[in-house]
Amino acid sequence: MKKILFLTRSLGIAGVPKSLISLIKTFKKDECEITIGTLSSDLTNASQLPKWVKVISIEEIINKEHAKFLRFQKYCQEKRFLFLVWKFSNQIEKKIFKKTIRKNFQEVYDVANAYHQGLCSSFVIKLIKSKKKYLWYHSSTIMDDCKENVFAKADKIILVNPLIKQIICDHWKKIDANKICSIPCYIDSDEIKKLSLETVDIQENSFVTVSRLSKEKGLNLIVETCIILKRENLNFNWYVIGDGPLLEPTLKEIEKNGLQDFLHLIGKRENPYPYIKK
């Protein structure tokens, strides 16, 4: 039986966790053992996984280990051993993370997947024991937290967007193009149709965007477009489903430009499909 690991940032309400859960549902219990490790303690969508899938929240474990470190810090401060805090804090923090990964993923996996870029990729390459290491790449651009040296060590680089293959090969000279393949996000269309039947209350003549509110998503373009549509005296409503670091700045832009009756940030929704259908 194959042992497969997926390391991801979270199982919260977002596109990547949703695609991972849909992918996991295609595996059969009698053919493999699947473990999912999450860097975050956000397990909102974990209940949608098959019961036989093992889930490990690294953040929850690290928080317990970190509590011991905080007690050590407090002791040093009380005893005025401030130089110990200054000298060893960063080293201890890194060791806690590495120790936690190694302790909780001791098995030798047949395949270890980093389903998110950044830290997940580095941890799979450097800390996880496996026969094969696959790094998934969900972005359409070269991300700052992705390191060429890390991706060069992967057995496979799996692109969700095949169009970025040439960009990666041009940007990262150490990458073997033969290691790169493309697998689109798995979508269960029957499940989506079923979920879309839920009733929601939104206005007619509406646009709907489902997205994390972050810089790379280009949410500023929605505000700029709404300003133009309002100027043209068009009757419209634009609903944005999602959350992220640009929530507060976007709300300020909406108020600044008088878009409160047109652009609506309605936050996270476990089921966005009824909004899209309507």
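For the structure itself, look to the data block above.
Quick summary incoming for the structure in this document.

1. Considering the overall build of the chain
- The number of helices and strands found in the chain is 10 helices and 10 strands.
- Burial status across the chain gives 41% buried among its 278 residues.
- Long-range pairs, those at least 24 residues apart, make up 63% of the contacts in the chain with a sequence separation of at least 6.
- Total accessible area on the chain is roughly 16700 Å²; 52% of this is exposed by carbon and sulfur atoms.

2. What to know about the sheet that holds strand 4 (residues 109-114)
- Strand order in the open sheet formed by seven strands is 3-2-1-4-5-6-7, with parallel pairing between adjacent strands. At either margin of the open sheet sits one strand with a lone partner, and together these are strand 3 (54-57) and strand 7 (180-182). Strand-to-strand, the axes of this sheet are offset by a mean angle of 20°, without reference to chain direction.
- Sheet topology note: the strand 2 (residues 32-38)/strand 3 ladder contains four bridges and is parallel. Its bridge partner being in strand 3, Gly37 is matched across the sheet by Ile56.

3. Looking at the environment of Lys99
- Residue position: Lys99 is located in helix 3 (residues 82-104).
- Among the residues examined, Lys99 registers a relative accessible area of 47% and is labelled partly exposed.

4. Considering the packing of aromatic side chains
- Using the criterion set out here, one finds eight aromatic pairs in the structure.
- On the basis of an interplanar angle of 75° and a centroid distance of 5.8 Å, the ring pair of Tyr137 and Phe151 is categorised as edge-to-face. With Tyr137 in strand 5 (residues 130-137) and Phe151 in helix 5 (residues 148-151), this residue pair connects regions lying 14 residues apart in the sequence. Both residues of the pair, Tyr137 and Phe151, belong to the buried class.
- Where Phe236 meets Phe262, the ring centres are 5.1 Å apart and the plane angle is 25°; that geometry is what we call stacked. Here the residue Phe236 occupies a position in the loop between helix 8 (220-231) and strand 9 (237-241), and Phe262 occupies one in the loop between helix 9 (247-256) and strand 10 (263-267), the gap between them amounting to 26 residues. No difference in accessibility class separates Phe236 from Phe262, as the two residues are buried.

5. With respect to the environment of Ile36
- Within the element layout of this structure, Ile36 appears in strand 2.
- Separated by 30 residues in the primary sequence, Ile36 and Phe6 have C-alpha atoms spaced 4.8 Å apart.
- Beyond its immediate stretch of four places on either side in the chain, Ile36 contacts Phe6, Thr8, Leu11, Leu20, Ile24, Leu49, Val53, Lys54, Val55 and Ile56.

Rules used in this analysis
- Residues numbered from 1 in each chain as written.
- Predicted model: local features only at pLDDT ≥ 70, side-chain atom pairs only at ≥ 80, totals over all residues.
- Heavy atoms only, no water.
- Helix = DSSP H or I, 4+ residues; strand = E, 2+ residues; numbered from the N terminus.
- Buried < 20%, exposed > 50% of the residue type's maximum accessible area, 1.4 Å probe, protein only.
- Contact = heavy atoms within 4.5 Å.
- Areas by Shrake-Rupley, 256 points an atom, 1.4 Å probe, with all protein chains shown as cover.
- Pairing = 2+ DSSP bridges.
- Axes fitted to C-alpha atoms, helices over the stretch in contact; angles between N-to-C directions.
- Phe/Tyr/Trp six-rings, centres within 6.5 Å; stacked < 30°, edge-to-face > 60°.

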